[in-house]
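Per-entry structural report
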Number of protein chains: 2
Amino acid sequence: MSLMWSVKIVGLGVVALSLSLELLGWVFGRCRRRRTLNKVLFFPSKVACVEHLLSQNSACSCFCPLPHGVETSFSCLLRHILSASSSLDLCVFSFSNMDLSRAVLLLHSKGVTVRVLSDKHYSAITGSQIGALRKAGVATASHPSPCVCVRCDAGSVHMHHKFAVVDGRQLITGSLNWTLTAVQSNMENIIITEEAELVQPFIKEFNQIWALNDPARFYKS
Amino acid sequence: MSLMWSVKIVGLGVVALSLSLELLGWVFGRCRRRRTLNKVLFFPSKVACVEHLLSQNSACSCFCPLPHGVETSFSCLLRHILSASSSLDLCVFSFSNMDLSRAVLLLHSKGVTVRVLSDKHYSAITGSQIGALRKAGVATASHPSPCVCVRCDAGSVHMHHKFAVVDGRQLITGSLNWTLTAVQSNMENIIITEEAELVQPFIKEFNQIWALNDPARFYKS
């Protein structure tokens, strides 16, 4: 076998090996990226204490009669909402659940920018948390910004969405209104996903409804 | 260079090449599989004629005053429902939309197995299509099986789900009840996905609620 022939074979081997290594790296990279979060939660949720998630005092011990240390659909939902580190965009038809309201206010106290869109009719009913959130949004010396901004949809028959976007990348959506009945009594579902094809349209929808309900549009002379 | 050395190099080249080819095939296979359907539809939908989708006469011309040949969120939803070739499992809180009812009955007439779960309270309200679907489910000589089977949830406060599973692989879920107001007036969302991690839990949930509401359970002596 000539020297040139051997060189060609060695070259071919090296090219093939490097190609294989490169492909392996690409494939492993894809696999790592592929583990996109896709989770489904069903309700009614078992009732359990969630004080450890909502208390600002991490060493707090709760003595309420509810079961403790139990992972439920609701505690899982709370964990995902509380995972927000920069922003929470919330677009929900009916919001009267106290624990979810506490979660939103806890995020606010940590400096997370919270924007809340709700239905104009349901935001005024007894037990609605929209008023409390709106109140928390008033800029103070201790929290000049970011704050909780609340807008109610004034256009359609019902703003019937029930979704939240956490940090602009995680979508929480489904049939579940943010009420106690929905969490503890009804059959409901929640999808939690980071699939960009699903998340991005919801971000666009939120921004459109948010802009459409800018109070400045209604007070123009 | 010895003959044995050349054989080793050739062997290495062949192994590396075959590895590369195998990896390439695997990668392309993944890429093909990766194109999983993930779609979001928002409502209210533009109002347009959907007669061409619902008519069993493909040559039918509709002369109604609605716009024709317009693709809307609703026509897209209808297309996905009508794509069912073997089964449609429907779990919906409120079902009064005539066009969606016609779509379900059209699938039934084509031999698709349809199972419908609805809320016990809302299935009895004026305009509900549950009665018509239940009626269509009566086995006849021309349609001994498969048929439309309807069960109403008799347990929870509200069976508030709004999802459908097409052919056991495509999930349609969101905030949208199957009503005219939801389609034409409200702000609503629908996710259409074939992500197995999202579809499979809904199939399991459907089967559980279906079994829980088997009339045979309530008539046991």
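Worth saying up front: this structure is predicted, and the values here are computed from it rather than measured.

Okay, the relation of the copies chain B and chain A next. Put simply, the two copies of the chain differ by a rotation about an axis and a shift along that axis. With an axial shift of 0.1 Å and an RMSD of 0.4 Å, the rotation relating chain B to chain A amounts to 180 degrees. Viewed as a symmetry operation, the transformation between the two copies matches a two-fold axis. When the interface residues of chain B are mapped onto chain A, 100% of them again lie at the interface, so the same face is used by both copies.

Attention now goes to the interface of chain B and chain A. At the interface, 50 residues of chain B touch 50 residues of chain A. Together chain B and chain A conceal approximately 4,300 Å² of surface at their shared face, both sides included; 70% is due to carbon and sulfur atoms. Inspection of the region where chain B meets chain A yields 16 residue pairs in polar contact (both at pLDDT 80 or more). Of all elements in the fold, only α1 (3-34), β1 (38-43), β5 (162-166), β6 (170-174), β7 (188-193) and α7 (196-212) of chain B reach the threshold of two or more residues within the side of chain B that touches chain A. The dominant element in the side of chain B that touches chain A, judged by the number of residues it contributes, is α1 of chain B, at 16 residues. A class-by-class count of the residues in the side of chain B that touches chain A yields 24 nonpolar, 17 polar and nine charged.

Helical geometry note: an α-helix holds 3.6 residues per turn, so side chains three or four residues apart project in the same direction. Residues and elements named next belong to chain B. Between its first and last C-alpha atoms α7 spans 24 Å; for 17 residues at 1.5 Å apiece the expected length is 24 Å, and the two agree. Looking at α7, one finds that the buried residues are Leu198, Val199, Phe202, Ile203, Glu205, Phe206, Ile209 and Trp210. Seen along its axis, α7 keeps its buried residues to an arc of 165 degrees; they face one direction.

Let us look at the sheet that holds strand β6 (residues 170-174) of chain A. Within a sheet, each strand pairs with its neighbour through backbone hydrogen bonds, oriented either parallel or antiparallel. Strand order in this open sheet of seven strands is β1-β7-β6-β5-β2-β3-β4 (chain A), and the pairing throughout is mixed. The open sheet has two edge strands with one neighbour each: β1 (38-43) and β4 (148-153) of chain A. Strand-to-strand twist in this sheet, taken as the mean axis angle between neighbours without regard to direction, amounts to 10 degrees. As paired strands, strand β2 (residues 87-92) of chain A and strand β5 (residues 162-166) of chain A are joined by five bridges and run antiparallel to one another. Following the sheet pairing, Cys91 of chain A is matched in β5 of chain A by Phe163 of chain A. Along the sheet, helix α3 (residues 73-82) of chain A contacts β1, β2, β5, β6 and β7 (188-193) of chain A; its crossing angle with β1 of chain A, the most-contacted strand, is approximately 135 degrees. Each of β1 and β7 of chain A is contacted by α7 of chain B, which is oriented at about 20 degrees to β1 of chain A, the strand it contacts most.

What follows deals with the sheet that holds β5 of chain B. Residues and elements named next belong to chain B. Strand order in the open sheet made by the seven strands is β1-β7-β6-β5-β2-β3-β4, with mixed pairing throughout. Each edge of the open sheet is held by one strand with a lone partner, namely β1 and β4 (148-153). Sheet twist, expressed as the mean angle between neighbouring strand axes with direction ignored, is 10 degrees.

All names here are of chain A. Where α3 meets helix α4 (residues 98-109), the axes come as close as 10 Å, and the angle between the chain directions of the two elements is 20 degrees. Classed by the angle they form, the pair α3 and α4 counts as roughly parallel. Read as a crossing pair, α3 and α4 show a hand that is right-handed. Only Asp99, Leu100, Ala103, Leu106 and Leu107 of α4 make contact with α3, whose side of the interface consists of Phe74, Leu77, Leu78, Ile81 and Leu82. Looking at side-chain class alone, the contact of α3 with α4 contains nine nonpolar, no polar and one charged residues.

A word on the pairing of β7 of chain A. All names here are of chain A. β7 sits mainly inside the fold: six of its six residues count as buried. Neither face of β7 is open: one carries Glu188, Ile190 and Ile192, the other Asn189, Ile191 and Thr193, and all of them are buried. Note: β1 against β7, six bridges, orientation antiparallel. Along β7, the bridge assignment pairs Phe42 with Asn189. Inspection of the sheet shows β6 paired to β7 by four bridges, in the antiparallel sense. Following the sheet pairing, Leu171 is matched in β7 by Thr193.

Our next topic: the packing of aromatic side chains. Scanning all chains against the criterion turns up eight aromatic pairs over all chains. The interplanar angle of 75 degrees and the centroid separation of 5.2 Å between the aromatic rings of Phe202 of chain A and Phe42 of chain B together place this pair among those described as edge-to-face. Here Phe202 of chain A, found in helix α7 (residues 196-212), pairs with Phe42 of chain B, found in strand β1, and the two come from separate chains. This pair shows no difference in class: Phe202 of chain A is buried, exactly as Phe42 of chain B is. A centroid spacing of 5.7 Å and a plane angle of 15 degrees characterise the contact between Phe206 of chain A and Trp210 of chain A, whose relative ring orientation is stacked. Of the two residues, Phe206 of chain A and Trp210 of chain A both sit in helix α7, four residues apart, roughly one turn of that helix. An aromatic cluster is defined as three or more aromatic residues linked by ring pairs; in this entry it consists of Phe42 of chain A together with Phe163 and Phe202 of chain B. Here the basic side chain of Arg115 of chain A rests over the ring of Trp210 of chain A, its NZ or CZ set 5.3 Å away from the ring centre.

Rules and cut-offs
Residues numbered from 1 in each chain as written. Chains lettered and ligands numbered in written order. Predicted model: local features only at pLDDT ≥ 70, side-chain atom pairs only at ≥ 80, totals over all residues. Heavy atoms only, no water. Least-squares fit on C-alpha atoms with pLDDT ≥ 70 in both. Contact = heavy atoms within 4.5 Å. Buried area = accessible area lost by both parts, 1.4 Å probe. Polar contact = N/O pair within 3.5 Å; in protein donor to acceptor, adjacent residues only side chain to side chain. Helix = DSSP H or I, 4+ residues; strand = E, 2+ residues; numbered from the N terminus. Nonpolar A, V, L, I, M, F, W, Y, C, P; charged D, E, K, R; others polar. Expected span 1.5 Å × (residues − 1). Buried < 20%, exposed > 50% of the residue type's maximum accessible area, 1.4 Å probe, protein only. Arc of directions from axis to C-beta. Pairing = 2+ DSSP bridges. Axes fitted to C-alpha atoms, helices over the stretch in contact; angles between N-to-C directions. Parallel < 35°, antiparallel > 145°, perpendicular 65-115°, else oblique. Left-handed = near helix turned anticlockwise from the far one by under 90°. Phe/Tyr/Trp six-rings, centres within 6.5 Å; stacked < 30°, edge-to-face > 60°. Lys NZ or Arg CZ within 6 Å of the ring centre and 35° of its normal.

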